Amino acid sequence: QVQLVESGGGLVQAGGSLRLSCSASGSIFRINGMGWYRQAPGIQRELVATITSGGVTNVADSVKGRFTISRDNAKNTVYLQMSSLKPEDTAVYYCNARIKRVIIGPEYDYWGQGTQVTVSS
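Residues numbered from 1 in each chain as written. Predicted model: local features only at pLDDT ≥ 70, side-chain atom pairs only at ≥ 80, totals over all residues. Heavy atoms only, no water.

*Asks:* Please clarify how the pairing of strand 1 (residues 2–7) should be interpreted in this entry.
*Replies:* Moving residue by residue along a regular strand, the side chains alternate between the two faces of the sheet. Of the two faces of strand 1, only the one carrying Val2, Leu4 and Glu6 is buried; Gln3, Val5 and Ser7 on the other face are not. One ladder, built from six bridges, connects strand 1 with strand 3 (residues 18–26); its direction is antiparallel. When the sheet's bridge partners are listed, Leu4 is paired in strand 3 with Ala24. (Buried < 20%, exposed > 50% of the residue type's maximum accessible area, 1.4 Å probe, protein only. Helix = DSSP H or I, 4+ residues; strand = E, 2+ residues; numbered from the N terminus. Pairing = 2+ DSSP bridges.)

*Asks:* Can you help me understand the pattern of salt bridges in this one?
*Replies:* Working definition: two side chains of opposite charge can pair if their charged atoms are close together. Counted under the stated rule, the structure contains six salt bridges. A salt bridge links Glu46 to Arg38, with the shortest nitrogen-to-oxygen separation between them at 2.7 Å. Classification of Glu46 as partly exposed rests on a relative accessible area of 33%. Overall, the relative accessible area of 6% leaves Arg38 in the buried class. The network of salt bridges with common partners includes Arg38, Glu46, Arg66 and Asp89. (Salt bridge = Lys/Arg side-chain N within 4 Å of Asp/Glu carboxyl O.)

*Asks:* How should a nonpolar patch on the surface be read in this particular structure?
*Replies:* There is a patch of nonpolar side chains on the surface, built from Phe29, Ile103 and Ile104 and spanning about 370 Å² of accessible area. Along the chain, the position of Phe29 falls in the loop between strand 3 and strand 4 (30–39). With a relative accessible area of 39%, Phe29 lands in the partly exposed category. (Patch = residues over 30% accessible without salt bridge, like charges linked within 9 Å, V, L, I, M, F, W, Y side chains within 5 Å. Areas by Shrake-Rupley, 256 points an atom, 1.4 Å probe, with all protein chains shown as cover.)

*Asks:* Whenever I open this one, the nonpolar core confuses me. Can you help?
*Replies:* What tends to happen in soluble globular proteins is that the nonpolar side chains get buried as a cluster. Counting residues in each nonpolar core, the largest one holds 30 residues, and the members touching the most others are Trp36, Leu80, Met82 and Tyr93. Ranked by residues supplied to this core, first place goes to strand 9 (residues 91–100) with five residues. (Core = buried A, V, L, I, M, F, W, Y, C linked by side-chain atoms within 4.5 Å.)

*Asks:* What is the right way to look at the state of the cysteines in this model?
*Replies:* Simply put, disulfide is the name for a covalent bond between the sulfur atoms of two cysteines. Summed over the entire model, instances satisfying the criterion amount to one disulfide. Bridging Cys22 to Cys95, the disulfide has an S-S length of 2.1 Å. Taking the sign of the S-S torsion, about -80 degrees here, the bridge from Cys22 to Cys95 comes out left-handed. Placement of the pair is Cys22 in strand 3 and Cys95 in strand 9, with a sequence separation of 73 residues. Residue class for Cys95 comes out buried when judged on its relative accessible area of 0%. (Disulfide = S-S within 2.5 Å.)

Written as structure tokens, this is what we have:
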């Protein structure tokens with residue numbers, strides 16, 4: 001069993017900052033890629049940022065320069081530092097991790113439960 005638990009969402013004014021955290025726990029051999037996605041009402045879920053186990057990042061153009069993804073491999077945790085927030089950043093943010101549970105076996109995608117981020121104008 002693997003769980004991803006997110007924290008750090010909330011309500012913030014435009015121009016403000018928030019930091020999201022997501023920790024993975026359970027039967028884990030190795031965590032490969034981790035990332036953040038978001039979904040606003042009526043809109044398809046979209047990639048925000050991803051990070052490999054080696055620290056290589058990929059950030060969506062819409063948040064580049066404002067959001068930073070990082071991870072602590074020792075804690076099985078990924079972070080999303082969000083700055084200069086805009087009302088259009090309002091969405092439910094989901095954590096994702098690609099996890100191998102055993103040394104010989106496939107990796108699977110796991111998702112957190114989602115955390116609401118609301119940016120008021």
